[in-house]
Amino acid sequence: MRARIAAAVAAIRDRGCTPGLATVLVGEDAASRVYIRNKIRACREVGIRSVANDLPAETGTRDLLDRIESLNRDPEIDGILVQLPLPATVSAEPVLAAVDPDKDVDGFHPMNAGRLASGRESLVPCTPQGCMSLLRSVRPDLEGLDALVIGRSNIVGKPIAQLLLRANCTVTLAHSRTRDLPGKCRAADIVIAAAGRPRMVEGGWIKPGAVVIDVGINRVPDADGKSRLIGDVDFEAALGVAGAVTPVPGGVGPMTIACLLRNTTIAACRRRGLGTPEI
């Protein structure tokens, strides 16, 4: 995907334009800084221009909204990414809603959510988009498969359910009050685990041959007193049952960044009247 994005960006630059992504980071959260640094490096590798907007932790909602409005008006900026979580002093909902929907490369704006739900052209959230690419890498035809999505967040659970429906899967959206979750897992051809609970999906829950996408990122203490990242799926147990399963880290995460680059490239083409590139 990154190779295809680089080729599309090169074609745009040959026409005198360079796609631009603005990142917005408020505060000093260490994990957020790592994420932003990785995204900026990925932009550089495919030829996208990145513009970092690093704001102090004491930045208020009004000042942040003013910065976003400035980026909305900037003709050189094609995509705007507001790194979450925001400090407790800032209200995330109006901030995300303030981003121009045509520059909303995270796909979080209510208008893009509505477009996705109604089957219209939209900028699709990066993690669900990456999950679909991973699924199709092992099951190109998803039509008629039974899919279980564990987690109903606006960022992952709901949009991935919409994408699976669009692919003609039969979708169950599970959550904290779902009855007999193990039974529903055992009946699913596809399991998307996005609940944020470490190793909640056991190997015995998985239907033999099922495709399992683990979106969970949970930091847990290690035996040596340090910490490590694990997913929502018991990976080692799942390996012996699933037809395919993604690891954590190294599975969905790299795809999310690749899809951010893809969305930025698509936004740049659409804003310049160049159509939607095949990426």
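None of the values given here were measured: they were computed from a predicted structure. (Residues numbered from 1 in each chain as written. Predicted model: local features only at pLDDT ≥ 70, side-chain atom pairs only at ≥ 80, totals over all residues. Heavy atoms only, no water.)

Chemist: Explain the layout of surface pockets residue by residue, including any values.
Modeler: One simple way to see leftover space: roll a probe sized like a water molecule over the atoms. For the largest pocket, the calculated volume is near 1100 Å³. Taken together, 37 residues make up the lining of the largest pocket; nearest its centre are Tyr35, Lys39, Thr127, Ile217 and Thr256. Contributing elements (two or more residues each) for the lining of the largest pocket: α2 (30–46), β3 (79–82), α6 (126–138) and α10 (252–271). Looking at the lining of the largest pocket, the element that brings in the most residues is α10, giving six residues. (1 Å grid on protein atoms, 1.4 Å probe; cavity = no way out; pocket = protein on both sides within 12 Å on 5 of 7 lines; lining within 4 Å. Points joined across faces, edges and corners; volume = space filled by probe spheres on them. Helix = DSSP H or I, 4+ residues; strand = E, 2+ residues; numbered from the N terminus.)

Chemist: Describe the sheet that holds strand β10 (residues 244–245), naming the residues involved and giving the relevant values.
Modeler: Taken in spatial order, the five strands line up as β5-β4-β6-β7-β10 in an open sheet, and their pairing is parallel. The sheet is open, and its two edges are formed by β5 (170–174) and β10, each paired on a single side. Relative to β5, strand β4 (residues 146–150) runs parallel, the two sharing five bridges. If you follow Ile150 over to β5, its bridge partner there is Ala174. Contacts from α6 reach β6 (190–193), β7 (211–214) and β10, with the element oriented near 155° to β7. (Pairing = 2+ DSSP bridges. Contact = heavy atoms within 4.5 Å. Axes fitted to C-alpha atoms, helices over the stretch in contact; angles between N-to-C directions.)

Chemist: Give a description of the pattern of salt bridges that names residues and reports values.
Modeler: Under the criterion given, the structure shown has 11 salt bridges. A salt bridge links Asp54 to Arg33, with the nearest nitrogen and oxygen atoms 3.8 Å apart. Taken together, the positions of Asp54 in strand β2 (residues 49–55) and Arg33 in helix α2 put the pair 21 residues apart, joining distant regions of the chain. Under the relative-accessibility criterion, Asp54 is labelled partly exposed at 43%. With a relative accessible area of 29%, Arg33 lands in the partly exposed category. One salt bridge in this structure joins Arg73 and Glu69, with 3.6 Å as the shortest N-O distance. Note that Arg73 and Glu69 are positioned in helix α3 (residues 61–73) at a spacing of four residues, about one turn of the helix. Three or more residues are tied together by salt bridges with common partners; here these are Glu28, Arg33 and Asp54. (Salt bridge = Lys/Arg side-chain N within 4 Å of Asp/Glu carboxyl O. Buried < 20%, exposed > 50% of the residue type's maximum accessible area, 1.4 Å probe, protein only.)

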